[in-house]
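Structural description and commentary
Spelled out, the chains give:
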Amino acid sequence: MDFPGPWIRNQALVIAFPLIETEATPLVAALFFGVFGLVVGSFLNVAIYRLPKEGMSVWRPLRSHCPRCAHELAWYENVPVLSWVIQGARCRSCRGTISARYPLVELLTGALWALAAWMAPSVSLALVHVLILSGLIVATFVDLDCFEIPDEVSIGGMVVAPLLSFLLPEIHAETWIASQLSTPAEGGTVDAGGAFLASLTGMAAGGGVLLWIGWLGKKLFGRDAMGLGDVKLLAAAGGFIGPGGVLMALFIGSLLASVSGVLNIARFFCLIRLRARVRKARKNALRTLQAARIAGRYLPFGPYLSLGVGIVLVDWKDVVQLLERFVF
Ligand SMILES: [Zn+2]
C-alpha cells in the first residue's frame, strides 16, 4: 500500500507499529479495531447483497450503486453510518429510502471487532477472530434473506481454518485435543501439528454431527431437517474452535433457535387469532396452534449457529462458567 506522503506515512506507522509489534492496551486495540470494523461492515453489506446473486462479484464493480436508481455512490455517500444519518436514510439521487439494516450491519461489525480486540489475548489472534466474525455476519444476513449460506463463507472457512491453525497454533490454545496431540517439548502449549490436527478434527465433528442429526431427522420425521449450508458452516467453524468448541456452539445455537422457534409460533398464533376476531370467525385454539406451527416452521438455522460460534469464539471460558452456573 502506498501512503501519500512521508508525514502521513510516519503517522500511520506510529499508530500501527505498537499494535503489531508490542501488546497494545486492550482499550487502544478495541478503539482501533472498532473504527476499522465500521469500514469493513460497509464492505460486508456489499457482500451480503451481491454474494447470493448469480454472476455478481464482490469486487466488481468496485463502487457501490443505489439498487433503485443505479446512481454511483461517491466516497462521502459511503461513509459508514454517518452518510445514512446525514442523508436522512435516503438516496441523494432518487430520494428512495435506504434500509436501516445497512448502518446496523456496520455498527454490529464495528462493535464485534472492538469486542474481539478487547477479549483476545493477542493482536494476531484478534485478527483471526474478526475474520471469522465477519464471515459469520455475512452468513447470518444472507441466510435471513435467502435461506442459504454462501459457499464463499462456508467452504472458504473450511479451506482457511486448517491453514491458519498451522500458521498460528495459538488459535487452538484452548482446544483440548490440540494439547494432547502436541509434543510436550513445546512447553505445554500447542504446536503447529497439534493445532492442524485439532482443526481437522473440529471440522469433522462440526460437519459430522449436523449430517448425523439431518439423517436422524429424515428417519424419524421423513423430511429434510438440515440444510447442507448449515453443515458446511459448522464444519468451517469447527476448524477454528475445535471439536469441543463446535459441539458447545451447536448446543448454544440449538437452545437459542428453540426459544426463537417457540416465540415465532406464538407470534403466528396471536396473528391468526387476531385476524379471526376481525373477521368474527370462531376458531378453536388447537386448530389455530396447528396453523401457527405450519406458518412458523421455517426459520433459518444459520443465524443461531453463527451466534453460538461467535459466543464460543469470543469468550469460551466465561461461557462454560456461565453454563455451569445456570444449566448444569
Ligand atoms: Zn437512488
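Refer to the structure presented above.
As the structure is a computational prediction, the values presented were derived from the model and not from experiment. The numbers attached to residues start from 1 for each chain and follow its sequence in the written order. Two thresholds apply to this predicted model, a pLDDT of at least 70 for residue-level local features and 80 or more for giving and counting side-chain atom pairs, whereas whole-chain, interface and lining totals are computed over all residues.

Examining the nonpolar core
Core analysis: the largest hydrophobic core is formed by 66 residues, its most contacted members being F33, A116, A117, V138, L234, A237 and A249. Helix and strand assignments follow DSSP, with helices taken as H or I runs no shorter than four residues and strands as E runs no shorter than two, numbered in order from the N terminus. Sorting the residues of this core by element identifies α2 (26-50), α4 (101-119), α5 (123-146), α6 (151-167), α7 (176-181), α8 (192-221), α9 (228-278) and α11 (302-314) as the ones contributing at least two each. Looking at this core element by element, the count peaks at 14 residues for α9. There are two domains that each give this core at least three residues, and those are domain 1 (1-149) and domain 2 (160-328). Filtering out sequence-adjacent residues up to four positions away, A117 remains in contact with A29, A30, F33 and A126. In these notes, a nonpolar core means any group of buried Ala, Val, Leu, Ile, Met, Phe, Trp, Tyr and Cys residues linked to one another through C-beta atoms within 7 Å. Three classes are used. A residue is buried when 20 or more other C-beta atoms lie within 10 Å of its own, exposed when 12 or fewer do, and partly exposed in between, with C-beta atoms placed from the backbone. Throughout the structure description, domain borders are defined by an automatic or database domain assignment. We call two residues in contact when their backbone-placed C-beta atoms lie within 7 Å.

A closer look at α6
Given 3.6 residues per helical turn, the α-helix brings residues three or four places apart onto the same face. Here the expected span of a helix is defined as 1.5 Å times the quantity of residues minus one. Counted at 1.5 Å a residue, the expected span for α6 with its 17 residues is 24 Å, and the 23 Å between its end C-alpha atoms agrees. Here α6 has its buried residues at V153, S154, G157, M158, A161, L164 and S165. Against the buried residues of α6 lie α5, α8 and α9.

Observations regarding the environment of Q290
Tracing the sequence through the fold places Q290 in helix α10 (residues 285-295). For Q290, a count of 11 C-beta atoms within 10 Å translates into the label exposed. Considering only alpha carbons, one finds Q290 and F269, 21 residues apart in sequence, at a separation of 8.9 Å.

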